[in-house]
Amino acid sequence: MKIVAADVIVSSPDRNFVTLKITTADGITGLGDGTLNGRELSVASYLRDHVVPLLIGRDAHRIEDAWQFLYRSAYWRRGPVTMAAIAAVDVALWDIKAKAAGMPLYQLLGGASRTGIMAYGHASGRDLPELFDSIRAHLDQGYRSIRVQTSVPGINAVYGVAAQPSTDGKRYDYEPAQRTPLPAEEDWDTRAYLRHLPGVFEAVRAEFGPELPLLHDGHHRMTPIQAAKLGKALEPYDLFWLEDCTPAENQEALRLVRQHTTTPLAIGEIFNTVWDYQTLIREQLIDYVRSAVTHTGGITAMRKLLDFAAQYQIKSGIHGPTDISPVGMAAALHLDLAIHNFGIQEYMRHGALTNEVFRQSFTFADGYLHPGEQPGIGVELDEDAAARFPYQPAYLPFNRLKDGTVHDW
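Please read all numbers here as calculations on a predicted model, not as lab measurements.

Student: Is there a simple way to think about the overall build of the protein chain in this case?
Tutor: For the protein chain, the helix and strand inventory stands at 13 helices and 18 strands. The C-alpha radius of gyration of the protein chain comes to 21 Å, within 12% of the 22 Å expected for a compact globule of 409 residues. For the C-alpha atoms alone, the extent of the protein chain along its principal axes is close to 60 × 45 × 45 Å. Buried residues in the protein chain amount to 59% of all 409 residues. Across the protein chain, contacts joining residues at least 24 apart in sequence account for 71% of those joining residues at least 6 apart. Side-chain charges of the protein chain comprise 38 positive and 49 negative groups, with the mean position of each set lying 3 Å from the other.

What follows is the structure, given as structure tokens:
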């Protein structure tokens, strides 16, 4: 199972993706996702210029050894670029191993722990009627758990609201990274947000009842005491989780939040290694791990991270918007199906062009995802289709406060 080729493919159907394709001497290929939203070419270069030369001639079956070699031999460890590159290699090697075994990947991870993977969708609106329409549309699509994001009076553009204006005049249901030469500037006012949001959830509960699981993403915009205030204010509305309520690089900050609210907390979509979680997990300061397989070193690293979390009854909530390619999404689903401490899976549907480039075997029905029974991860890349969609510069927006200070977006 010697590796004879490794190709980095950058394509932009609907949005930019970085895909690694590894080929063995006996013709088995594996795919890995190395997409880093807004910084895609940095990972492509890291893979092409520094990692691919190290893969040729290696044994594709030695996944753990390859992971440790790529992590430790570079000396400069961690970081989103390095860990996305390692993830691309790791997932591609697991894809190869499962294809060689003639099994879907989840079988090599211990087999299924459940029959389906509960998913949540993204509903949003500029006002309550538009938000209610979005929730109903997601329920009609089969979702049984809903993330709720809404515009805030006095703020021009708020993360997660698809219908709000963008700098290039397009509606971004699938991807907030706008195809512009420079990042779009948005505004923010935390006090206005804190005043508005509890009333939104009161209205949603009154309209849709107590049973529907509701989630909300704070997107790192609050201080710890502001996050604690919001978590407490939302307690009557029984959220499934409050996500990224405060920047958690300062892990100890979550102690203050935890002291003041029983609203479940999800953290970690911008984290890259287990080291980012040590305090959060050991002190049980969160309830859900939000990292992406694509950004956290692949299946090998995520399995270890989630096994660590399981010791503290902390569950998974793997990051899965459309800046995770179908390759990364499929890898997450195999892991979701196998682990015991699964919580919920974020799922945004990719656009038609993306589905043309990435042929997928995973399915979504009645609120549940399943990776399918195809050997490997169950995704094949149409390279001819990928070649029709060259890379386009695109950036996520950024925030400024009313006085011009740059704030967390």
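Read on, since the account is not over.
Student: Any chance you could explain the domain arrangement of the protein chain here in plain terms?
Tutor: Frequently, the measure chosen for interface size is the accessible area that the parts lose on association. According to the domain assignment, the protein chain contains domain 1 (2–104) and domain 2 (109–373). Between domain 1 and domain 2, the C-alpha centre-to-centre distance is 26 Å. In this complex, domain 1 contributes 29 residues to the contact, which on the side of domain 2 involves 35 residues. Where domain 1 abuts domain 2, roughly 2,400 Å² becomes buried across the two surfaces, and 58% of that area is made up of carbon and sulfur atoms. If you look at where domain 1 meets domain 2, you find two salt bridges. For the salt bridge of Lys304 with Glu64, the shortest nitrogen-to-oxygen distance reads 2.8 Å. Across the domain 1-domain 2 interface, the total number found is 17 residue pairs in polar contact (both at pLDDT 80 or more).

Student: Can you help me understand the environment of Leu230 in this one?
Tutor: As for its position among the elements, Leu230 is in helix H7 (residues 224–233). Judged by relative accessible area, which is 2%, Leu230 ranks as buried. In this structure the C-alpha to C-alpha distance between Leu230 and Val257, which are 27 residues apart in sequence, comes to 9.5 Å. Here Leu230 is in contact with Tyr193, Leu194, Leu197, Met222 and Leu242, once residues within four sequence places are set aside.

Student: How do you make sense of the sheet that holds strand E17 (residues 398–400) when you look at a structure like this?
Tutor: Strand pairing in a sheet relies on backbone hydrogen bonds. The paired strands run either parallel or antiparallel. Taking strand neighbours across the sheet as the criterion, the three strands line up as E6-E17-E18 in an open arrangement whose pairing is mixed. In this open sheet, the two edge strands, each paired with only one partner strand, are strand E6 (185–187) and strand E18 (406–407). Here two bridges tie E17 to E18, and the two strands are oriented antiparallel to one another. Its bridge partner being in E18, Asn399 is matched across the sheet by His407.

Student: Looking at this structure, how should I read unusual backbone geometry?
Tutor: Backbone phi values are negative for most residues with the exception of glycine, while trans is the configuration of most peptide bonds. Notably, Tyr75 is not glycine yet its phi reads approximately 70°, a positive angle. For Tyr75, the position within the fold is in the loop between helix H2 (63–72) and helix H3 (80–101). With a phi angle near 45°, Asp244 is a residue other than glycine that sits in the positive phi range. On the basis of relative accessible area, Asp244 is assigned to the buried category, the value being 1%.

Student: Where do I start with empty space enclosed by the protein in this structure?
Tutor: The gaps left among the atoms become clear once a water-sized probe is rolled over them. Counting across every chain of the model gives three cavities of 30 Å³ or more. When its volume is computed, the largest cavity comes out at roughly 50 Å³. Lining the largest cavity are Gln149, Val158, Tyr159, Trp188, Tyr193, His216, Asp217, Gly218, His219 and Arg221. Split into classes, the residues belonging to the lining of the largest cavity amount to four nonpolar, four polar and two charged.

Cut-offs and rules
- Residues numbered from 1 in each chain as written.
- Predicted model: local features only at pLDDT ≥ 70, side-chain atom pairs only at ≥ 80, totals over all residues.
- Heavy atoms only, no water.
- Helix = DSSP H or I, 4+ residues; strand = E, 2+ residues; numbered from the N terminus.
- Rg over C-alpha atoms; globule rule 2.2 N^0.38 Å.
- Buried < 20%, exposed > 50% of the residue type's maximum accessible area, 1.4 Å probe, protein only.
- Contact = heavy atoms within 4.5 Å.
- Lys, Arg positive; Asp, Glu negative; His and termini not counted.
- Charge placed at Lys NZ, Arg CZ, Asp CG, Glu CD.
- Domains from an automatic or database assignment.
- Buried area = accessible area lost by both parts, 1.4 Å probe.
- Salt bridge = Lys/Arg side-chain N within 4 Å of Asp/Glu carboxyl O.
- Polar contact = N/O pair within 3.5 Å; in protein donor to acceptor, adjacent residues only side chain to side chain.
- Pairing = 2+ DSSP bridges.
- 1 Å grid on protein atoms, 1.4 Å probe; cavity = no way out; pocket = protein on both sides within 12 Å on 5 of 7 lines; lining within 4 Å.
- Points joined across faces, edges and corners; volume = space filled by probe spheres on them.
- Nonpolar A, V, L, I, M, F, W, Y, C, P; charged D, E, K, R; others polar.

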